[in-house]
Amino acid sequence: MRLAIVVQRYGADINGGAELHARYIAEHLARHAEVRVLTTCAHDYLTWRNEYPPGADTVNGIAVERFAVDHERDEAEFGLRSDHVFYRRHSLNEELEWLDSEGPASPSLVSRVRDAGGEFDYVLLFCARYYHAYHGARAVPDRAVLVPTMERDPALGLALFGPIFRGVRAIMYNSYEEQALIRAAASNEHVPGVVVGIGSEIPASADPRRAMTKFGLDAPYVLYVGRIDANKGCAELFDYFLRYVASRSNPPTLALIGKSVLEIPDHPRVRYLGFVDDQDKFDVIAGAAALVMPSYYESLSMVALEAWALGTPVVANARCDVLLGQCLRSNAGLYYGNAAEFGAVLDKVLDDRALAARLGRNGRQFYEENYSWRVIERKYLDMFALLSSNPPSHRMEKLPGWLARRQRSLRPATQVLDELPSGAAA
């Protein structure tokens, strides 16, 4: 079996989000199939500036082909186009212009996918909202397997994505919440789909004491891992945590790992560890009283799964449907909806060690049963077997004509999104 994995950027030094997801899938499916990655020359996800040289490359033994991005993202233009399609009546053509403005726009990458002919049995497309996934799905719908990594995002309310969700050969969802949201938006129950998510490269052992010594951490501490950004809920996390510290006689430390794009409070109970290597990260996670996930929007949290794999409880923002659903399904996390609940949940995790231990055990079991690599790989292989034994039963809808694409008949995307169901999925 020959597989192409098409993703917006790719590299051993790109260590987060859907790009890391795509790399892990490429490396693990390479045990079962011939895998080739098709990607752009971009490294930075904000500018999409061409930084890698175009052409052939190899990353961790996987063959990679890189294609130039036609233009960098103009943040001002993209902001204006986003504001227009998200909040005003607009046309399909304006949505397509928004997609090109978002980037990374690489027509040569799409042409490579289109011209591959029978070179690949299936083309895995990461992530739904980007140029290459949209045009790649339209180029090879009978071989397109979409990994949408879609969160509760206004982009989901855009009309251009519905035909893609209904027209690809199969969809590999990250969570039951993502599946429910996309099905409600696109009415695509006829498309084969499975909730699969992603595993992680969990070390055979983690040493919390080594991490505490190296970083000067005193127990107990709670931990945030990820981009330190207001868009990830970190400003609210800082507010809630500092209020909590002021109310407790023996407060914990909040440790932070990741790139910071937000000012970090100058407080003795807040420790910024910066960007650390994987072993340090896992050691720190293993020693934490809890991993705190303040994000409002996730398609799946890899770091929450890593915490559960290491037996660390998770404290999550209850207003994120996916995190709430994962906590409920795993019985390995607690959740909060406001500052008072945040403090009460931390009190429970810190003071009831028996409960914390049960949450940790449940997390390990949840990870092993749902996100270990044997489970992830089997779900992909079972889907490929299903598709191989059943011819396509549906077709990709054609784009409307020139005039129809320019009629401003589409509702604001946020209005469409607001009408979709919310909450944890069964």
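Residues numbered from 1 in each chain as written. Predicted model: local features only at pLDDT ≥ 70, side-chain atom pairs only at ≥ 80, totals over all residues. Heavy atoms only, no water.

Novice: Sorry if this is basic, but what is going on with the pairing of strand 10 (residues 253-257) here?
Specialist: When a strand is regular, its side chains alternate between the sheet's two faces. Counting buried residues in strand 10 gives five out of five residues, a clear majority hidden from the surface. Residues of strand 10 alternate between two faces, with T253, A255 and I257 on one and L254 and L256 on the opposite face, all of them buried. Both strand 9 (residues 221-225) and strand 10 contribute to a ladder of five bridges, which runs parallel. Considered in strand 10, the bridge of L223 is made with A255. A crossover links strand 9 with its parallel partner strand 10, the connecting element being helix 9 (residues 234-247), and its sense is right-handed. Sheet analysis places strand 10 next to strand 11 (residues 270-274), joined by four bridges and oriented parallel. Bridge assignment links I257 to a residue of strand 11, and that residue is G274. (Buried < 20%, exposed > 50% of the residue type's maximum accessible area, 1.4 Å probe, protein only. Helix = DSSP H or I, 4+ residues; strand = E, 2+ residues; numbered from the N terminus. Pairing = 2+ DSSP bridges. Right-handed = clockwise from strand over helix to strand, strands pointing away.)

Novice: Just to check I follow, could you spell out helix 5 (residues 131-139) for this structure?
Specialist: Helical periodicity: at 3.6 residues per turn, an α-helix aligns residues three or four positions apart in one direction. Within helix 5, burial applies to Y131, H132, A133, Y134, G136 and A137. The elements touched by buried residues of helix 5 are strand 1 (2-6), helix 3 (92-102), helix 4 (107-114), strand 5 (122-126), strand 6 (144-147) and helix 6 (162-167). (Contact = heavy atoms within 4.5 Å.)

Novice: Got a minute to help me understand the packing of aromatic side chains in this structure?
Specialist: A ring pair, where both rings are aromatic, is described by two values, the distance of the centres and the angle of the planes. Under the definition given, this model contains 14 aromatic pairs. Geometrically, the ring pair formed by Y296 and Y297 is tilted, given 6.3 Å between the ring centres and 45° between the ring planes. In this structure, R66 is placed above the aromatic ring of Y52, and the distance from its NZ or CZ to the ring centre is 3.8 Å. A cation over an aromatic ring shows up here: K281 above the ring of F282, its NZ or CZ 4.7 Å from the ring centre. (Phe/Tyr/Trp six-rings, centres within 6.5 Å; stacked < 30°, edge-to-face > 60°. Lys NZ or Arg CZ within 6 Å of the ring centre and 35° of its normal.)

Novice: What is the right way to read the sheet that holds strand 14 (residues 333-336) from this model?
Specialist: Two strands in a sheet stick together by hydrogen bonds in their backbones, pointing the same way (parallel) or opposite ways (antiparallel). Taken in spatial order, the six strands line up as 11-10-9-12-13-14 in an open sheet, and their pairing is parallel. Whereas interior strands pair on both sides, the edge strands pair on one side only; in this sheet they are strand 11 and strand 14. Each strand of the sheet is rotated relative to its neighbour by a mean of 25°, with strand direction disregarded. Each of strand 9, strand 10, strand 11, strand 12 (290-293), strand 13 (314-317) and strand 14 is contacted by helix 9, which is oriented at about 165° to strand 10, the strand it contacts most. The strands touched by helix 10 (residues 278-287) are strand 9, strand 10 and strand 11; relative to strand 9, the strand with the most contacts, the crossing angle is about 140°. (Axes fitted to C-alpha atoms, helices over the stretch in contact; angles between N-to-C directions.)

Novice: Could you clarify how one ought to interpret the environment of A56 in this entry?
Specialist: Its location among the elements puts A56 in strand 3 (residues 55-59). Along the chain, A56 and L38 lie 18 residues apart, while their C-alpha atoms are 9.6 Å from each other.

Novice: Looking at this model, I keep getting lost on the side chain of Q326. Mind explaining?
Specialist: Summarising the element assignment, Q326 is placed in helix 12 (residues 321-330). Assessed through its relative accessible area of 4%, Q326 is described here as buried. Only 3.1 Å separates the side chain of Q326 from the side chain of R329, close enough to count as a polar contact. (Polar contact = N/O pair within 3.5 Å; in protein donor to acceptor, adjacent residues only side chain to side chain.)

Novice: Looking at this model, I keep getting lost on the nonpolar core. Mind explaining?
Specialist: A general feature of soluble globular proteins is that nonpolar side chains tend to end up buried together. Within the largest apolar cluster, 74 residues are counted, with the highest numbers of intra-cluster contacts made by I25, L124 and Y380. With residues up to four places along the chain from it excluded, the contact list for Y380 reads H21, I25, L29, L124, V147, M172 and V196. Counting residues in each nonpolar core, the second largest holds 48 residues, with A133, L158, V195 and L410 among its members. (Core = buried A, V, L, I, M, F, W, Y, C linked by side-chain atoms within 4.5 Å.)

Novice: Could you clarify how one ought to interpret the environment of Q407 in this entry?
Specialist: With respect to the helices and strands, Q407 occurs in the loop between helix 16 (402-405) and helix 17 (413-418). The partly exposed category is assigned to Q407, whose relative accessible area is 43%. Not counting chain neighbours up to four residues away, the residues in contact with Q407 comprise H90, S91 and L92.

Novice: Any chance you could explain the layout of surface pockets here in plain terms?
Specialist: Rolled over the atoms, a probe sized like a water molecule indicates the empty space that remains. Put simply, the second largest pocket is a space of about 240 Å³. What lines the second largest pocket is a set of 17 residues, among which R152, E177, L181, D321 and G423 lie closest to the centre. Among the elements that take part in the lining of the second largest pocket, helix 7 (residues 176-186) stands out by supplying four residues, more than any other. The residue inventory of the lining of the second largest pocket, partitioned by class, reads eight nonpolar, two polar and seven charged. (1 Å grid on protein atoms, 1.4 Å probe; cavity = no way out; pocket = protein on both sides within 12 Å on 5 of 7 lines; lining within 4 Å. Points joined across faces, edges and corners; volume = space filled by probe spheres on them. Nonpolar A, V, L, I, M, F, W, Y, C, P; charged D, E, K, R; others polar.)

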